[in-house]
Amino acid sequence: MNRVIAIDGPAGAGKSTVAKILARRLGLRYLDTGAMYRAVALLATRAGLQPEDGAEAARLAEQAEITFGHGDPQPVLVNGEDITSLIRTPEISELASALSAHSALRQVLVARQKELIQTGDWILEGRDTTTVVAPHATVKVFLTASLEERAKRRSLELGREDVSELTRMISERDHRDYTREDSPLTMSPDAHRLETFGLSAEEVANRIAALLP
Ligand code: DC
């Protein structure tokens, strides 16, 4: 069986940083499932879609080829175009979160993600990887950190000083991610909860590595 590590948790909990460290250290391929929702949000913006246009967004997703390159940040390509930096804006974060509530879109992306992780050893992260995409993962982790801590980290990452605005945005996104009907962010009963307060990314990675059989 493939070796798969699945990490879920709210925005800003440090999932990507930790997943990249473990991917490098353990020789796993890295799947950033959120980047796929972001890629569709970019296509939706270009097509003039609104947050409620789930069916159209699903159609765009079906037609789009979303691929990942190698590097840090990991290059994200849609139909061959490098969109890595274009999908990290606050507007795309908002739209990706809103569109991800539509089941039609989730079905398309989840099917692709499930297919991808059949093909080797992977570490994947997102909101439903431990519950829906990889329920049989070798190790499942739910990363947490307080809202204040996550906003502080985002502010450092993005080089922005408006921590209170970032706090408001993350809190709105949390609300949407936790309350949507289809696959809301929840902790799988067999996932290990890991509070990251006061831990470096390396320390979090060490703790997850220690969970591997
Ligand atoms: O992880 P991220 O912040 O890049 O994800 C962007 C949005 O995509 C997030 O607010 C919710 C959605 N998402 C999702 O619904 N399911 C996933 N597995 C990953 C992301």
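Coordinates for the structure precede this section.
None of the values given here were measured: they were computed from a predicted structure.

Is there a simple way to think about the site of the ligand in this case?
Around the ligand sit 15 residues in total, of which Arg38, Arg106, Arg127, Asp128 and Arg173 are the nearest. A distance of 2.8 Å separates an oxygen atom of the ligand from a polar atom in the side chain of arginine 106. Contact with the protein chains removes 97% of the 440 Å² of surface that the ligand exposes when unbound. Residue contributions to the shell around the ligand peak at four residues, all from helix H2 (residues 33-46).

In this structure, what is going on with the sheet that holds strand E8 (residues 192-195)? I would like to understand it.
Backbone-to-backbone hydrogen bonds join strands into a sheet, with any given pair of strands oriented parallel or antiparallel. Here five strands make up an open sheet; going across it, the order is E2-E6-E1-E7-E8 and the pairing parallel. What marks the edges here is a single partner per strand, and that holds for strand E2 (29-32) and E8. Across the sheet, the mean angle from the axis of one strand to that of its neighbour is 20°, orientation sign disregarded. As paired elements, strand E7 (residues 139-144) and E8 share four bridges and run parallel to each other. Each residue of the ladder has a partner; that of threonine 144, found in E8, is glutamate 195. Here helix H9 (residues 201-209) sits on the sheet and contacts strand E1 (4-8), E7 and E8; the angle it forms with E8, its principal contact strand, is near 165°.

Please explain helix H5 (residues 103-116) as it appears in this structure.
One turn of the α-helix equals 3.6 residues, which is why residues spaced by three or four share an orientation. For H5, built from 14 residues, the straight-helix expectation of 20 Å at 1.5 Å per residue is met to within 8% by its first-to-last C-alpha distance of 20 Å. Those residues of H5 that sit buried are Leu105, Arg106, Val108, Leu109, Val110 and Gln113. For H5, the elements touching its buried residues are E2, H2, helix H3 (54-63), strand E3 (66-68), helix H4 (90-99) and helix H6 (129-133).

Help me understand the environment of alanine 19 in this model?
Within the fold, alanine 19 resides in helix H1 (residues 15-26). Take alanine 19: its relative accessible area is 0%, and that puts it in the buried class. Those residues in contact with alanine 19 that lie beyond four places of it in its chain are Ile7, Tyr30, Ile123 and Glu125.

Would you take a moment to explain H4 for this structure?
A large share of H4 lies buried, amounting to seven of its ten residues. Residues of H4 that are buried make contact with H2, H3, H5 and helix H8 (163-179).

Can you help me understand the packing of H4 against H8 in this one?
Between two packed helices, what matters for the description is the angle formed by their axes and the separation of those axes. Put simply, H4 and H8 touch, their axes get as near as 10 Å, and they point 15° apart. Taken together, the axis directions place H4 and H8 in an arrangement best described as roughly parallel. The hand of the H4/H8 crossing is left-handed. In this structure, H4 contributes Pro90, Ser93, Glu94, Ser97 and Ala98 to the contact, and H8 contributes Met169, Glu172, Arg173, Arg176 and Asp177. Of the residues contributing to the contact of H4 with H8, the split by class is three nonpolar, two polar and five charged.

Each value, and the rule that gives it
- Residues numbered from 1 in each chain as written.
- Predicted model: local features only at pLDDT ≥ 70, side-chain atom pairs only at ≥ 80, totals over all residues.
- Heavy atoms only, no water.
- Near = heavy atom within 4 Å.
- Polar contact = N/O pair within 3.5 Å; in protein donor to acceptor, adjacent residues only side chain to side chain.
- Areas by Shrake-Rupley, 256 points an atom, 1.4 Å probe, with all protein chains shown as cover.
- Helix = DSSP H or I, 4+ residues; strand = E, 2+ residues; numbered from the N terminus.
- Pairing = 2+ DSSP bridges.
- Axes fitted to C-alpha atoms, helices over the stretch in contact; angles between N-to-C directions.
- Contact = heavy atoms within 4.5 Å.
- Expected span 1.5 Å × (residues − 1).
- Buried < 20%, exposed > 50% of the residue type's maximum accessible area, 1.4 Å probe, protein only.
- Parallel < 35°, antiparallel > 145°, perpendicular 65-115°, else oblique.
- Left-handed = near helix turned anticlockwise from the far one by under 90°.
- Nonpolar A, V, L, I, M, F, W, Y, C, P; charged D, E, K, R; others polar.

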